[in-house]
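Understanding the architecture of this molecule
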Amino acid sequence: MDYRFLGASGLKITEITYGNWLTHGSQIENDTAIACVNAALDAGITTFDTADVYANGAAETVLGQALKSQRRESLEVFTKVYWPVGPKGANDTGLSRKHIMEGINGSLRRLGMDYVDLYQAHRFDHETPLEETIQAFADVVRAGKALYIGVSEWNAQQLREGQALAQSAGFSLVSNQPQYSALWRVIEAEVVPAASELGMSQVVWSPMAQGVLSGKYLPGRPAPAGSRATDEHGGQRNIAGFMDPTVLERVQLLRPIAAELGLKLSQLAIAWVLQNPNVATALVGASRPEQVAENVKASGVAIPPELMKAIDEALGDVVERDPAKTVSPEKRPA
Ligand code: NDP
C-alpha cells in the first residue's frame, strides 16, 4: 500500500482509505463491519474516514470499536461535522462555533479517541460567517482535538476564502473531500486547479460510483442481492442517479481496458482517480471483507495515457463535468 502526503502538510496517508458511509451501523451487521476494518488493516490501509452524521453517530461508534486494539499513532482517522446529528435540535447542525465545539466532543466520545487526524467541514455553511467557522476550527486544533482541518464539496471560491482566513488564524486547510470518479469529474475544471495552488489535496469519495463502476449492475437485469442498489436503508436512494441503462451499458465497455491491465473493473475505477496528482487518497467503501482485499490492489497501478483516452471514449457523454454541480445547501439542513 503506497502513501501520499495530505496537501502541503507533512502527514502521510494511505492512497486508499476505508470509508464507512451507509455500511457501518446501517447496511451491514457489526461483525461484518469489524471484518471489513480488519481486512483493511491486513492490506496495509491505515487511513479511515467516517462522519458524525453516518447512521446518526453509530458509524463512528462501530469504527472506534473496530480500531480500539490498534496503536493510535499508526492510524490516520478522519471525521466530519455539518449535517444534522443526535436529536437534530436547532444547533445540532451547520458550522457555527457552538456546533463545531460540541461536534468534535461528540465524535471523539463515540470514536473512543483523544483526537482525530483530520476534521472536515462536511459542506459549506452559507448561514454562518466563514470567520466564525475558521476561528472555531483554529481553536479545535489548538485544543489538540484535531491535528489537521479539511473541507468537503467546497467550490473554488470557497476554498480560496477559507484558506486565506485559515492562514491568518495560524493554520492551513489541507484537503477538500469531493465526489470524484471516471463518471463524475466536476472538480477538474475549477476545484483541482484552485486546490493545487492553495496546497490542498482532494480526498475523493465514491471513486467506484458507489459500486456502479465495478460493472456488477448489468443493464436490464435485477441488481445483485445484498448490493447497495437493493439496500432500503438509504443505499438504493443514493445510488439511483447512476442506475441509468445507458450509464450501465457504457461501464461494460470498460471491460477490455481493465483486462489489458490485468485488473478488475473495480480496481480500474480506483486506479483511475489515483492518476490525478491532486488526489491524495481514494475513499473506498465495502460491504464485505473480500471487496476490501480486491480493491487495495489498485494501489500503485499506472494507467498509460492511451488507456486513459480509451476510458474517455468508452464512457463518452455519460461523464458529468459541470463545475456548477459542486454545491452546498443554501439553508443549513435541519
Ligand atoms: P465507493 O464508490 O467505493 O462504493 C463502495 C460500495 O461499492 C461498497 O459499499 C460496495 O457496495 C460496492 N463495492 C465495493 N467494492 C466492490 C467490489 N470490489 N466489487 C463490487 N462492488 C464493490 O464509495 P462509497 O460511495 O462507499 O463512498 C466511500 C467513502 O467516501 C464513504 O465511506 C465516506 O467515507 C466517503 N463519502 C463522503 C461523502 C461526503 O459528502 N464527503 C459522501 C459519500 C461518501 P455493495 O456491496 O453494497 O454493493
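Above this text sits the structure in question.
Below or above, wherever it landed, is the structure these notes cover. Just so we're clear, the structure is a prediction, and the values are computed from it rather than from any experiment.

Things to note about the environment of A55
Mapped onto the fold, A55 is located in the loop between β4 (47–49) and α3 (58–67). Judged by relative accessible area, which is 34%, A55 ranks as partly exposed. Not counting chain neighbours up to four residues away, the residues in contact with A55 comprise H24 and G25.

Some words on the pairing of strand β5 (residues 76–81)
Within β5, 6 of the 6 residues are buried, which leaves it mostly tucked inside the rest of the structure. Residues of β5 alternate between two faces, with E76, F78 and K80 on one and V77, T79 and V81 on the opposite face, all of them buried. Strand direction decides the pairing type here: β4 and β5, joined by 3 bridges, are parallel. Of the residues in β5, the one forming a bridge with T47 is E76. Crossover connection from β4 via α3 to parallel β5: handedness right-handed. Two strands pair when backbone bridges link them, and β5 and strand β6 (residues 116–121) are joined in this way by 4 bridges, in the parallel orientation. Across the sheet, T79 pairs through a bridge with Y119, a residue of β6. In this fold, β5 hands off to helix α4 (residues 97–111), which returns the chain to β6; that crossover is right-handed.

Some details on the sheet that holds strand β10 (residues 279–284)
The 8 strands lie next to each other as β3-β4-β5-β6-β7-β8-β9-β10, forming a closed barrel whose pairing is parallel. Strand-to-strand twist of the sheet, defined as the mean angle between neighbouring strand axes without regard to direction, takes the value 30 degrees. Bridge analysis of β6 against strand β7 (residues 146–151) gives 5 bridges, and the strand direction is parallel. Looking at β7, one finds that L118 is bridged to Y148. Packed onto the sheet, α4 meets β5 and β6 and runs at close to 140 degrees relative to β6.

So, how was this worked out
- Residues numbered from 1 in each chain as written.
- Predicted model: local features only at pLDDT ≥ 70, side-chain atom pairs only at ≥ 80, totals over all residues.
- Heavy atoms only, no water.
- Helix = DSSP H or I, 4+ residues; strand = E, 2+ residues; numbered from the N terminus.
- Buried < 20%, exposed > 50% of the residue type's maximum accessible area, 1.4 Å probe, protein only.
- Contact = heavy atoms within 4.5 Å.
- Pairing = 2+ DSSP bridges.
- Right-handed = clockwise from strand over helix to strand, strands pointing away.
- Axes fitted to C-alpha atoms, helices over the stretch in contact; angles between N-to-C directions.

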